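Here is what each chain is made of, one letter per residue.
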Amino acid sequence: MKQHNSLAFLAVTFLTIAAVKLQAADSASFNVRDFGAVGDGTNLDSPAINKAIDAAVAAGGGTVFVPAGTYLSGSIHLQSNIHFEIGAGATILGAPQEMNAYDETEPYTLGGYQDGGHCYFHNSLIWGENLTNVFITGNGMISGGGLTRSDKVLDKMVGFDKFNPPVTNSAAPVRLGNKAIALKLCKNVIIRDVTIYHGGHFAILVTGCDNTTVDNVTMDTDRDGIDIDCCRNTMVSNCRINSPNDDGLCPKSTYALGECRPTENLTIVNCQVSGFEVGTLLDGTMKPSTNQTGRIKFGTESSGGFRNCTVANCTFRSCRGLALEEVDGAIMENITINNLSMMDVRDYAIYITTGKRDRTPGPKRTSTARNILISNVIADGVGKMSGIQIMGLPEQPVEGVRLENIRITSNGGGTTADAAIKPRELGTGYPEPGKIGTLPAYGIFARHAKGLELANIHLNFDKEDLRPAAEFTDVDGLEIDNLKPQVAAGVKAAVFADDVKNLSVRNSPSVQ
């Protein structure tokens, strides 16, 4: 009997605690309509939304709730300890530029080591700086509306790509809204479940943020999906990102914070990237676009480098392939990539490069890439340009790269003239494969590498290709195990230049 009484007492206690917590949660919830928001898509609601956020801050934090409706908005100011919840049926709609509803750009005097979109944050639809505990969730939508995808005005303000010497005069501020969500130097960030349509230059830009989670977010946008810049301890999971005209999921390490800060401890899992026409991921028609960019790309901005990053269980569709680019004098190291599936991949499937663009102040450093493992990749419909490209620098080879369990089917169509191409060095150029063009091997082209391991790789083409499957130049320590290439009659399976040293070939009869 005493035991039953004790259990009853505990049950009542737990219910009481739950009720108190629920009451506390209710009292800490702030509905934007209670602060004057209309939600008719015509009246400007961002002032009322910001009032609700201010009230929540005054109460010590809480949930700012946006119920069903369309809320025409300029800049929304996030603050610490705020849960900004966009409810089902609710849309935050970016105001037209002519309404001057976006905040002015903040002062910036560091020079244009990265484009203007990376230098300014306050001119965004939703933004926060130096905050702790920031949460944006809900089953509603953020529609860019009047946000612009162009950053030409901002580029001019910072002197983009004119950094020797850099432009350091602070430009007059402008109210050019060009980002959906922009967070700078924030801690403990969660963005979950929302849908972003037409996100401007960046649907999500997080710079210098620690402990960030982006989960189950759908982005269907006309430039970058999400850029993770100079961030630590970041998790991106279960996201669908369609971005035909720019990169989908893009870790970077710019000089926007005035220091060379790496992006590190990054995990990307269970995501989909694509390059369909804007809006056709959301409506389900998935129409192929002309540009077909999309993709997961590390770089190009890479002043701080990348380390301790993993990508796993992701799909690419109707877009470019995986790109790892370190070209601004830092180190890209300890990168693991596993379980990628690609269809209709424009130009290439895997691209690893270092360069010497050196868009970083101070003494010049040599870009370095090392300790990279890529495994379990299937790609078909790969463009004629190449399947896999690995290109280091003559003075600093890419080191310690292992590719294993990879199947690539190229569209083919290469000619004997293509097989005779001598690709130029990337040098200081923009690190995009298209800048070099078609390569002399349809499957693998590797140059300036050390300790390159290739295991269990199948290379095929749909249309006859008169190029070899693989070509290697300036490689020291090349191990090939179970390479199975398709080759046209009379064409070598692999070409090894005279400067390939310490070569080991096993279980690869066509190459041996």
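On a predicted model such as this, the values are computed, not experimentally measured, just so you know.

*Asks:* Please explain empty space enclosed by the protein as it appears in this structure.
*Replies:* Taking a probe equal in size to a water molecule and rolling it over the atoms shows the remaining empty space. Scanning all chains against the criterion turns up one cavity of 30 Å³ or more. Residues of the lining of the largest cavity, tallied by class, amount to two nonpolar, three polar and four charged.

*Asks:* I would appreciate a short explanation of the packing of aromatic side chains in the present structure.
*Replies:* The way to describe two aromatic rings as a pair is by their centre distance and the angle between their planes. Summed over the entire model, instances satisfying the criterion amount to seven aromatic pairs. An angle of 75° between the planes, with centres 5.3 Å apart, marks the rings of Y113 and Y255 as edge-to-face. Linking Y113 in the loop between β7 (90-94) and β8 (126-129) with Y255 in the loop between β20 (247-252) and β21 (263-269), this pair joins segments that are 142 residues apart in sequence. Taken together, a centroid distance of 5.5 Å and an interplanar angle of 75° make the contact between F298 and F306 edge-to-face. Judged by relative accessible area, F306 falls into the buried class, the value being 0%.

*Asks:* So what exactly am I meant to see when it comes to the pairing of strand β18 (residues 232-237) here?
*Replies:* Residues in a regular strand project their side chains so that they alternate between the two faces of the sheet. Where strand β15 (residues 210-215) and β18 come together, five bridges link them in parallel fashion. Residue T213 lies in a different strand from β18, and its bridge partner there is M235. Across five bridges, β18 lies against β21 in parallel orientation. By the bridge assignment for β21, M235 is matched with T267.

*Asks:* Just checking my understanding: could you explain helix α2 (residues 46-58) for this structure?
*Replies:* Residues lying three or four places apart along an α-helix face the same way, a consequence of the helix completing one turn every 3.6 residues. End to end, α2 covers 18 Å across 13 residues, agreeing with the expected 18 Å (1.5 Å per residue, within 8%). Among the residues making up α2, those that are buried are S46, A48, I49, N50, A52, I53 and A56. Once α2 ends, the next one or two residues include G60, with phi positive near 95°.

Analysis parameters
- Residues numbered from 1 in each chain as written.
- Predicted model: local features only at pLDDT ≥ 70, side-chain atom pairs only at ≥ 80, totals over all residues.
- Heavy atoms only, no water.
- 1 Å grid on protein atoms, 1.4 Å probe; cavity = no way out; pocket = protein on both sides within 12 Å on 5 of 7 lines; lining within 4 Å.
- Points joined across faces, edges and corners; volume = space filled by probe spheres on them.
- Nonpolar A, V, L, I, M, F, W, Y, C, P; charged D, E, K, R; others polar.
- Phe/Tyr/Trp six-rings, centres within 6.5 Å; stacked < 30°, edge-to-face > 60°.
- Helix = DSSP H or I, 4+ residues; strand = E, 2+ residues; numbered from the N terminus.
- Buried < 20%, exposed > 50% of the residue type's maximum accessible area, 1.4 Å probe, protein only.
- Pairing = 2+ DSSP bridges.
- Expected span 1.5 Å × (residues − 1).

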